[in-house]
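# A closer look at the structure
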Amino acid sequence: MTARILLFVLALLAGLVAGALVQGERGAVVGIAAGAALWFTVDTFRAARVLRWLRTSQLRGAPHHGGWWGEAADRARRALAAREQQAQDAGRRLDAFLDAIRGSPNGVVLLDPQGRIEWCNQTACVHLGLDPVRDLQQQIVHLLRDPGFAAYYHGGNYAQDVTVAAPASTASRPRQLSLHLHPYGEGRRLLLSRDVTAVEQAEAMRRDFVANVSHEIRTPLTVLAGFVETLQTLELSREERSRYLALMAQQSQRMQTLVSDLLTLSRLEGSPPPGEGEWTPLATLLSQCEEDALALAASLGKPMDIVVVPAPELAVSGAGAEWQSAFSNLVGNAVRYTPARGTVEVQVTPVDGGRAAVSVRDTGPGIAPEHLPRITERFYRVDRSRSRETGGTGLGLAIVKHVVQRHGAELRMESTPGQGSTFSIVLPATRLRPLA
Ligand code: ADP
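First, a word on scope: everything that follows refers to the structure included in this document.

Reading guide: rules and limits
Residues numbered from 1 in each chain as written. Predicted model: local features only at pLDDT ≥ 70, side-chain atom pairs only at ≥ 80, totals over all residues. Heavy atoms only, no water. Salt bridge = Lys/Arg side-chain N within 4 Å of Asp/Glu carboxyl O. Buried < 20%, exposed > 50% of the residue type's maximum accessible area, 1.4 Å probe, protein only. Helix = DSSP H or I, 4+ residues; strand = E, 2+ residues; numbered from the N terminus. Contact = heavy atoms within 4.5 Å. Polar contact = N/O pair within 3.5 Å; in protein donor to acceptor, adjacent residues only side chain to side chain. Pairing = 2+ DSSP bridges. Axes fitted to C-alpha atoms, helices over the stretch in contact; angles between N-to-C directions. Phe/Tyr/Trp six-rings, centres within 6.5 Å; stacked < 30°, edge-to-face > 60°. Lys NZ or Arg CZ within 6 Å of the ring centre and 35° of its normal. Near = heavy atom within 4 Å. Areas by Shrake-Rupley, 256 points an atom, 1.4 Å probe, with all protein chains shown as cover. Nonpolar A, V, L, I, M, F, W, Y, C, P; charged D, E, K, R; others polar.

### Some thoughts on the pattern of salt bridges
With the rule as written, the count across this model stands at 20 salt bridges. Among the salt bridges present, the one from Arg355 reaches Asp352, with a minimum N-O distance of 2.8 Å. According to the relative accessible area criterion, Arg355 is partly exposed, its value standing at 26%. Measuring nitrogen to oxygen at the nearest pair gives 2.8 Å for the salt bridge that ties Glu377 to Arg374.

Shown next, in the form of C-alpha cells:
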C-alpha cells in the first residue's frame with residue numbers, strides 16, 4: 001500500500017517538476033495532471049493483463065508484476081495450482097476406485113432413482129447378459145426378467161439377497177446368481193451380483209450327503225431294532241435266537257463298515273497330500289490284496305479264481321495305508337460283483353512315461369457306459385440291492401478316487417456289460433522306484 005502511494009506521489013512529483021521546468025507554474029499543474037494520468041494508465045494496463053489472464057483460468061501465462069496486481073496474480077496462480085492439484089488427486093482416486101470396481105469378481109450396476117442403468121462393470125455384463133453401451137439408461141427390470149428378481153425389486157425390502165438362475169444358465173450348465181440391492185444417495189440403488197453356482201452345488205451336495213448317510217444308517221438300525229423287539233417279546237428256540245443274533249451281528253457290521261468308510265473319506269478330504277517319504281513295495285500291497293480277496297470270497301461263500309500276477313520289483317511312494325485301501329477296494333468290488341466261479345485277476349503293467357498300472361480285471365456283470373462317469377460319486381450305485389447284499393457302502397470308489405487324486409495318479413475304468421470290468425490305477429513315474 002505504502003509503495004503504491006509512494007509511486008503515485010512520485011508520478012505526480014515527476015509531472016510537477018517536468019511541467020514546471022517546461023512552462024513554469026501553469027506547466028506544473030498540467031504536469032501533475034499528466035503524471036496522475038500516466039500512473040492510472042499504467043495501473044489500468046496491469047489490471048487488464050491480470051484480468052485477461054484470470055479469464056483464461058489457465059495456470060500458465062500468469063503476468064509477473066510487482067505491487068497489488070502482482071500479488072493478486074500470484075495469489076490467484078497459487079489458488080489455481082492448488083485446485084488443479086486437488087482435481088488431479090481426485091481424478092486419480094476416482095480412476096483407482098473405478099479400476100477396483102471393474103476388476104471386482106462381483107457384478108456392480110448403478111441404478112438411477114427410476115431404476116435405469118447408469119453404469120455397470122464387465123462382471124455384471126457377463127452375469128446379467130448386459131451390453132455396457134446399448135443397455136445404459138434401460139430399466140433393469142426390463143432386462144432382468146426373472147420373476148424372483150422382479151418381486152424382490154418391487155418389494156422394496158433389500159435386507160437379504162435373492163438367488164436367481166443366470167440368464168446364460170442352461171440345463172446342462174446351470175448357473176446361479178445372488179443379487180443384492182443396496183439403496184444409496186437420493187433414491188439410487190446399487191445392484192451387486194455374485195456367481196453362487198459352486199456354493200449352491202456344494203450346499204446341495206452337503207444336503208444329499210447328510211440325507212444319504214442318514215438313510216444308510218437308518219436301514220440297518222431299523223432291522224436291528226426289529227430283532228431286539230422280537231428277542232424281547234417272543235419266546236424263541238435256541239436256533240431261532242442264534243439265527244437272529246447272527247443277522248443282528250451282520251447289520252451292526254454293516255454300520256461299522258459304513259462309519260469306518262465315512263471316517264476314511266473325511267480323513268482323506270481333510271489332510272494334506274502325502275509326501276514322498278514312505279516307500280512300499282508293490283508286492284507287499286498286492287499280497288495283502290490277495291489275502292483280503294480270498295477272505296472276502298470265502299465269507300461270501302463264492303468259489304472263484306483269484307489270480308495275482310507277481311508284481312515287478314518296484315516300490316511306490318506316498319501313504320502306504322491309502323494305497324492298500326485303494327487297491328483292496330478295487331479287488332473287493334471285483335470279488336463282490338463277480339458271480340461264483342468267475343475270475344478276478346490283479347496285475348501290474350508298464351505304461352508309457354515310466355508309469356505303471358495296477359489293474360484289477362473281473363468277469364462280473366460289467367457296468368453300462370452311462371453309469372461309468374458317476375460311479376466314483378459318494379453313494380452312487382448301479383445296482384443298489386446287489387451292493388447291499390454284498391456289504392457295500394457305496395463309498396469304496398469315492399475313497400479310491402480321493403487316494404488316486406491325492407497321489408497324482410489316474411483311475412481308469414473299462415467295462416463291457418455282461419463281460420466284466422477292468423479298473424486300473426496308473427501310478428505316476430515320480431512315485432515309482434526299483435526296489436533297493
Ligand atoms: P459299493 O460299496 O456299492 O460297491 P463302490 O463305490 O465301491 O460302492 O462302487 C459303486 C458302484 O459301482 C457299485 O455299487 C457297483 O454298482 C459298481 N461297481 C463297482 N465295481 C464294480 C465291478 N467290479 N463290477 C460291477 N460293478 C461295479
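### As for the environment of Thr393
With respect to the element layout, Thr393 can be found in the loop between α10 (384–389) and α11 (396–406). The class of Thr393 is buried, set by a relative accessible area of 7%. A C-alpha to C-alpha distance of 58 Å links Thr393 and Gly187, two positions 206 residues apart in sequence. Excluding anything up to four places from it in sequence, Thr393 contacts Glu216, Thr257, Leu258, Asp261, Phe379 and Arg381. Polar contacts involving the side chain of Thr393 include one to the main-chain amide nitrogen of Leu395, which spans 3.2 Å.

### Overview of the sheet that holds strand β6 (residues 279–281)
Sheet strands pair via backbone hydrogen bonds, and the direction of the pair is either parallel or antiparallel. Taken in spatial order, the three strands make up an open sheet running β6-β8-β13, and their pairing is antiparallel. Where the open sheet ends on each side, the last strands, each with one partner, are β6 and β13 (432–434). Here the strands of the sheet are splayed against their neighbours by 35° on average, with no regard to which way each runs. Direction of pairing for strand β8 (residues 314–317) relative to β13: antiparallel, over a ladder of three bridges. What sits directly across from Val316, in β13, is Leu432. Helix α8 (residues 282–299) rests against β6 and β8 of the sheet, and its axis sits at about 60° to β6.

### Some details on the packing of aromatic side chains
Scanning all chains against the criterion turns up nine aromatic pairs. Ring centres 5.0 Å apart and planes at 70° place the aromatic pair Phe8 and Trp39 in the edge-to-face group. Under the relative-accessibility criterion, Phe8 is labelled partly exposed at 25%. Taking the ring centre of Phe209 as reference, the NZ or CZ of Arg378 above it sits at 4.3 Å.

### Quick notes on the side chain of Thr376
Along the chain, the position of Thr376 falls in the loop between β10 (355–362) and α10. In contact with Thr376, other than residues within four places in its own chain, are Leu397, Ala398, Lys401, Leu411 and Met413.

### Some words on unusual backbone geometry
Trans is the prevailing form of peptide bonds, just as negative phi is the prevailing case for residues other than glycine. If you check the backbone angles, Gln137 has positive phi at about 70° while not being a glycine. For Gln137, a relative accessible area of 46% gives the class partly exposed. Of note in this structure, Arg341 is not a glycine but carries a positive phi near 70°. Considering the arrangement of structural elements, one finds Arg341 in the loop between α9 (320–337) and β9 (343–351). By relative accessible area, Arg341 is classed as exposed at 69%.

### A closer look at the site of the ligand
Asn333, Tyr337, Asp362, Ser387 and Gly394 are the nearest of the 20 residues found near the ligand. Measuring from an oxygen atom of the ligand, one finds a backbone N or O atom of Gly396 at 3.4 Å. Here Leu397 contributes a backbone N or O atom positioned 2.8 Å from an oxygen atom of the ligand. Protein chains bury 97% of the 520 Å² of accessible surface belonging to the ligand in isolation. Elements with a minimum of two residues in the shell around the ligand: α9, α11 and β12 (420–427). A total of four residues in the shell around the ligand trace back to one element, the largest contributor, which is α9. Residues that form the shell around the ligand fall into these classes: nine nonpolar, seven polar and four charged.

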